[in-house]
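These are the residues of each chain, in order.
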Amino acid sequence: MNNRISPATIELLIRERNKGKPLRQLGQMFGRSHEGVRQLLAKNDRSQVTLLPESRVAAKLGYPEGWLARLRKEGIINPVKPGGFWLYSEEQVRQIPSLIAEMRRCEQCGKPRPLSYPRFCRECSQYREKHHYESLSPEAKAEHVKRCLAWRKANRERSKKIHSRAKQEVSG
Ligand SMILES: [Zn+2]
């Protein structure tokens, strides 16, 4: 039973296994029990990787599945999809937390941002809301001024009212 198996045979075994052949079928092909095949693979294939489906990876790491999907769609991580499911190697699973932390950085200050904030952290979002004009790019500022002037021209009366009210607020 313990007849030696040639390296070429082992290589073939590994290749077939990676294609998804069941252990039992491999056992029949190579004249071994499925447990014998499993042991052979475990002993010989150092590169043999356990692949985890996306939902399991997300649950394991405690992230919404959408975050993994986003990493994948943006090509930051490249899982395989041999059947209907995306599968991640253990190495990829290890990399995911830092990749997600990177993805979740605020576009303005670089600090991690909460889930509900799609681009900026809470502070930067609030700042941008309050100081909308200051946070614009020079081109956007010019565009904004152009639109304001056009609006004032088209709405002279309302514009005058707003202007005098603003003046009162400043002096009062
Ligand atoms: Zn920020």
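Bear in mind the structure is a predicted one, so any value in this text is a computation, not a measurement.

### Focus on helix H1 (residues 7–18)
At 3.6 residues per turn, the α-helix brings residues three or four places apart onto the same side.
Reasoning step 1: When the terminal C-alpha atoms of H1 are compared, their 16 Å separation across 12 residues agrees well with the 16 Å that a helix rising 1.5 Å per residue should span.
Reasoning step 2: The inward-facing, buried residues of H1 abut helix H2 (23–30) and helix H3 (34–44).
Reasoning step 3: Just past H1, the residue Gly-20 takes up positive phi, approximately 105 degrees.

### Points about helix H6 (residues 90–103)
Reasoning step 1: The end-to-end C-alpha distance of H6 is 20 Å, a good match for the 20 Å that 14 residues give at a rise of 1.5 Å each.
Reasoning step 2: Of all the bends in H6, the largest measures some 35 degrees and sits at Ile-96, one to four residues before the proline Pro-97.
Reasoning step 3: Among all positions of H6, only Gln-92, Val-93, Ile-96, Ile-100 and Met-103 are buried.
Reasoning step 4: Along its buried surface, H6 packs onto strand S1 (52–53), helix H4 (54–61), helix H5 (65–73) and strand S2 (87–88).

### Observations regarding the domain arrangement of the chain
Reasoning step 1: What the domain assignment lists for the chain is domain 1 (7–44), domain 2 (52–103) and domain 3 (138–171).
Reasoning step 2: Taking only C-alpha atoms, the centre of domain 1 and the centre of domain 2 are 28 Å apart.

### As for the coordination of the zinc ion
Reasoning step 1: Listed as protein donors to the zinc ion are Cys-106 (SG), Cys-109 (SG), Cys-121 (SG) and Cys-124 (SG); their distances from the metal cover 2.3 Å.
Reasoning step 2: Sequence spacing of the donor residues for the zinc ion, all on one chain, is C-x2-C-x11-C-x2-C. Here Cys-106 is found in the loop between H6 and helix H7 (122–130), whereas its partner Cys-121 is found in the loop between H6 and H7, with 15 residues between them in sequence. For the pair formed by Cys-106 and Cys-121, the shared burial category is buried.

### So, the side chain of Ser-159
Reasoning step 1: Tracing the sequence through the fold places Ser-159 in helix H9 (residues 156–171).
Reasoning step 2: Ignoring sequence-local partners within four residues, the contact set of Ser-159 consists of Trp-151 and Arg-152.

Conventions used here
Residues numbered from 1 in each chain as written. Predicted model: local features only at pLDDT ≥ 70, side-chain atom pairs only at ≥ 80, totals over all residues. Heavy atoms only, no water. Helix = DSSP H or I, 4+ residues; strand = E, 2+ residues; numbered from the N terminus. Expected span 1.5 Å × (residues − 1). Contact = heavy atoms within 4.5 Å. Bend = angle between axes of the 7 residues up to and from the residue. Buried < 20%, exposed > 50% of the residue type's maximum accessible area, 1.4 Å probe, protein only. Domains from an automatic or database assignment. Donors = N, O, S within 2.8 Å, 3.2 Å for Na, K, Ca; no water.

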